[in-house]
Amino acid sequence: MKLHFSRGLSIPSGAKPVAMVSEMSRPVQAAILASDFPSIRWQAQIPEGQVVARGEALVRDRKCPDIVLTSPISGRVSEIAIGARRRLQWVTIEPEGDERLDFGPVDGASPEGLRALMLRAGLWPALRTRPFDRIPDPAAEASAVFVTAVDTNPNAADPLLILAGREDEFSRGVRAMELLTQGPVYVCQPAGARLFEPSGRIVAVDVSGPHPAGLPGSHIARLHPATIEKPVWHINYQDVIALGGLLATGEMETFRVIAASGPGMRNPRYLRVPLGVDLHALLRNELTPGQKIILSGSALSGWESRFLCRHHLQASVLEAPRPKRSHWFLAALARAAKPAAFIPTQALEQALGPDLPVVPLLRSLSVGNIEAAEKLGGLGLSEEDMALATYVTGAEIDFGKKLRAVLNELEEGA
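Residues numbered from 1 in each chain as written. Predicted model: local features only at pLDDT ≥ 70, side-chain atom pairs only at ≥ 80, totals over all residues. Heavy atoms only, no water.

**Regarding the overall build of the chain**
Right, on to step 1. Looking only at helices and strands, one finds 12 helices and 19 strands in the chain.
Right, on to step 2. Here the C-alpha radius of gyration of the chain, 20 Å, is about what a compact globule of 414 residues would show, namely 22 Å.
Right, on to step 3. Taking the principal axes of the C-alpha coordinates as reference, the chain spans close to 55 × 55 × 45 Å.
Right, on to step 4. A total of 414 residues make up the chain; the buried ones form 57% of that total.
Right, on to step 5. The long-range fraction of contacts in the chain, counting pairs at least 24 apart against all pairs at least 6 apart in sequence, stands at 66%.
Right, on to step 6. For the chain, the computed accessible surface area is about 17300 Å², with 52% contributed by carbon and sulfur atoms. (Helix = DSSP H or I, 4+ residues; strand = E, 2+ residues; numbered from the N terminus. Rg over C-alpha atoms; globule rule 2.2 N^0.38 Å. Buried < 20%, exposed > 50% of the residue type's maximum accessible area, 1.4 Å probe, protein only. Contact = heavy atoms within 4.5 Å. Areas by Shrake-Rupley, 256 points an atom, 1.4 Å probe, with all protein chains shown as cover.)

Take a look at the structure:
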């Protein structure tokens, strides 16, 4: 199956990362961030100072205790940060030793066995739903599953380079996705790629076109629109590789390859890092002189963060004179609360990959018209799908934040 997007824009991105994966020069601390899952209230399972193995559960969902987040490295818990209303904010781990949990014997041949394994290993939160972009209920079933193995974000890592040599794990993980749905499993890949042999309900989708052609929201809107009654799940290719390795060995891989780039980096490159790695410590010696902003994610849709966020496959370093305003995305957050007019332009019409009525949808979001936003297709989108619209309007309105407010109200009424 071929899927071409004519809508979209090529964003200036500067020097691309060197297409070669480097290891970290030294161990650095990592963290799990509650902000990656804002709808969940987490409960710590271990005290500060305790030594934990890689893959050991650190926090648990208070409402659904089967959902856990696990330690990405072997080390000592150095901080459990608690914020307002006693909500857990993050847990940091200092590297120490090389202990890791073995989740074998593995039962990945049945839907029940696969779900239990993914929950125990902390891999279930790698799945996200549309609508609402949440962790799915472990007892629910998707109407379809999308595996995203294409990335059109500025300076994104090339999935084909990262998948090279790991095709077996990827294929095993893709086949496992069939156990989570009675519907199709769409594997969205760069046009011309041959990552696996399609069979059964697994469909290979060759994707082409400018950004946002690589976003799961674009694929879902075109191939299998999500509704509240028939939700769709999606997962990125590196988590599918991790699942394939877990099924083969019983060991959970908590590392991923990210693209570290931007005008503030001396040598943009790919780095193999643990989930939640401390980006400040990781990139400190890689920066050009002067003040910098380090984003988790791309320069288009990422946000300032000391630690790599759970679903990001990039880190971006920007030059920052840092007066009161910094990166355009951060400035947008400060202005988004005030209604602002925007002028329809050709660039704005190209800002959404899905074939949606762009200007009416954005107008409904800008004024908080929930019913209109739902009818116009907003239910199947997430914040990352709105980043181009925010960009081309000069960040006068943060459409991602506006969309989230609408989704939250729709979710409460669902």
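**A look at the sheet that holds strand 10 (residues 128-130)**
Sheets are built from strands paired through backbone hydrogen bonds, the pairs being either parallel or antiparallel.
Right, on to step 1. Strand order in the open sheet formed by 6 strands is 1-13-12-11-14-10, with mixed pairing between adjacent strands. Taken across any chain shown, the strands that pair with only one partner, and hence form the sheet edges, are strand 1 (2-4) and strand 10. The sheet shows a mean angle of 30 degrees between the axes of neighbouring strands, direction not considered.
Right, on to step 2. Contacts from helix 3 (residues 167-177) reach strand 11 (144-148), strand 12 (185-190), strand 13 (202-208) and strand 14 (232-236) within the one sheet, and its direction differs from that of strand 12 by about 145 degrees.
Right, on to step 3. Sheet strands touched by helix 5 (residues 237-249): strand 11 and strand 14. Its angle to strand 14, the strand with the most contacts, is close to 80 degrees. (Pairing = 2+ DSSP bridges. Axes fitted to C-alpha atoms, helices over the stretch in contact; angles between N-to-C directions.)

**Digging into the sheet that holds strand 15 (residues 255-261)**
Right, on to step 1. Within the open sheet, the 6 strands sit side by side as 2-16-15-19-17-18. Their pairing is mixed. The two strands at the open ends of the sheet, each matched to only one other strand, are strand 2 (18-23) and strand 18 (303-304).
Right, on to step 2. Bridge count for strand 17 (residues 292-296) against strand 18 is 2 bridges, and the pairing is antiparallel. Residue pairing across strands places leucine 295 opposite glutamate 304, the latter belonging to strand 18.

**A look at the pairing of strand 17**
A regular strand carries its side chains on alternate faces of the sheet.
Right, on to step 1. The element strand 17 is largely enclosed, with a buried count of 5 among its 5 residues.
Right, on to step 2. Across the two faces of strand 17 the burial is the same, with Lys292, Ile294 and Ser296 and Ile293 and Leu295 all buried.
Right, on to step 3. Two strands pair when backbone bridges link them, and strand 17 and strand 19 (residues 314-319) are joined in this way by 5 bridges, in the antiparallel orientation. Within strand 19, the residue paired with isoleucine 293 across the bridge is leucine 318.
Right, on to step 4. Between the antiparallel neighbours strand 17 and strand 18 lie 6 residues, among them glycine 297 with a positive phi of about 105 degrees.

**A closer look at the packing of aromatic side chains**
Right, on to step 1. Under the defined criterion, the tally for this structure stands at 4 aromatic pairs.
Right, on to step 2. A ring pair is formed by phenylalanine 37 and tryptophan 42, whose centres lie 5.8 Å apart and whose planes are at 70 degrees; its orientation type is edge-to-face.
Right, on to step 3. Taking 6.4 Å as the distance between ring centres and 65 degrees as the angle between the ring planes, the aromatic pair formed by phenylalanine 170 and phenylalanine 196 counts as edge-to-face. You can see phenylalanine 170 sitting in helix 3 and its partner phenylalanine 196 sitting in the loop between strand 12 and strand 13, a full 26 residues away along the chain. (Phe/Tyr/Trp six-rings, centres within 6.5 Å; stacked < 30°, edge-to-face > 60°.)

**Things to note about the environment of alanine 248**
Right, on to step 1. Structurally, alanine 248 can be placed in helix 5.
Right, on to step 2. Between the C-alpha atom of alanine 248 and that of glycine 173, which follows or precedes it by 75 residues, the distance is 9.7 Å.

**Concerning helix 1 (residues 111-120)**
One full turn of an α-helix is made of 3.6 residues, so residues set three or four places apart face in the same direction.
Right, on to step 1. Taken residue by residue, helix 1 has Gly113, Leu114, Arg115, Leu117, Met118 and Leu119 as its buried positions.
Right, on to step 2. Those residues of helix 1 hidden inside the fold are in contact with strand 7 (68-70), helix 3, strand 14 and helix 5.

**Observations regarding the pattern of salt bridges**
Right, on to step 1. Applying the stated rule across the entire model yields 20 salt bridges.
Right, on to step 2. A salt bridge links arginine 76 to glutamate 96; the shortest N-O distance between them is 3.0 Å. Residue arginine 76 is located in strand 8 (residues 75-82), and its partner glutamate 96 is located in the loop between strand 9 (88-95) and helix 1; the two are separated by 20 residues in the primary sequence.
Right, on to step 3. You can call arginine 76 partly exposed: its relative accessible area is 34%.
Right, on to step 4. As a salt-bridge pair, aspartate 385 and arginine 130 come within 3.2 Å of each other at their nearest N and O atoms. Here the residue aspartate 385 occupies a position in the loop between helix 10 (370-375) and helix 11 (387-392), and arginine 130 occupies one in strand 10, the gap between them amounting to 255 residues. (Salt bridge = Lys/Arg side-chain N within 4 Å of Asp/Glu carboxyl O.)

**A look at the nonpolar core**
Right, on to step 1. In terms of nonpolar packing, the biggest core is built from 62 residues, with Trp42, Leu58, Trp124, Phe170, Met177, Leu180 and Leu243 touching the most fellow members.
Right, on to step 2. Broken down by element, this core gets its largest block of residues, 7 residues, from helix 5.
Right, on to step 3. Leaving out residues up to four positions away in the same chain, leucine 180 has contacts with Leu114, Arg115, Met118, Trp124, Leu127, Glu141, Ala142, Val145 and Trp233.
Right, on to step 4. With 26 residues, the next largest nonpolar core counts Val358, Leu365, Ala389 and Phe399 among its residues. (Core = buried A, V, L, I, M, F, W, Y, C linked by side-chain atoms within 4.5 Å.)

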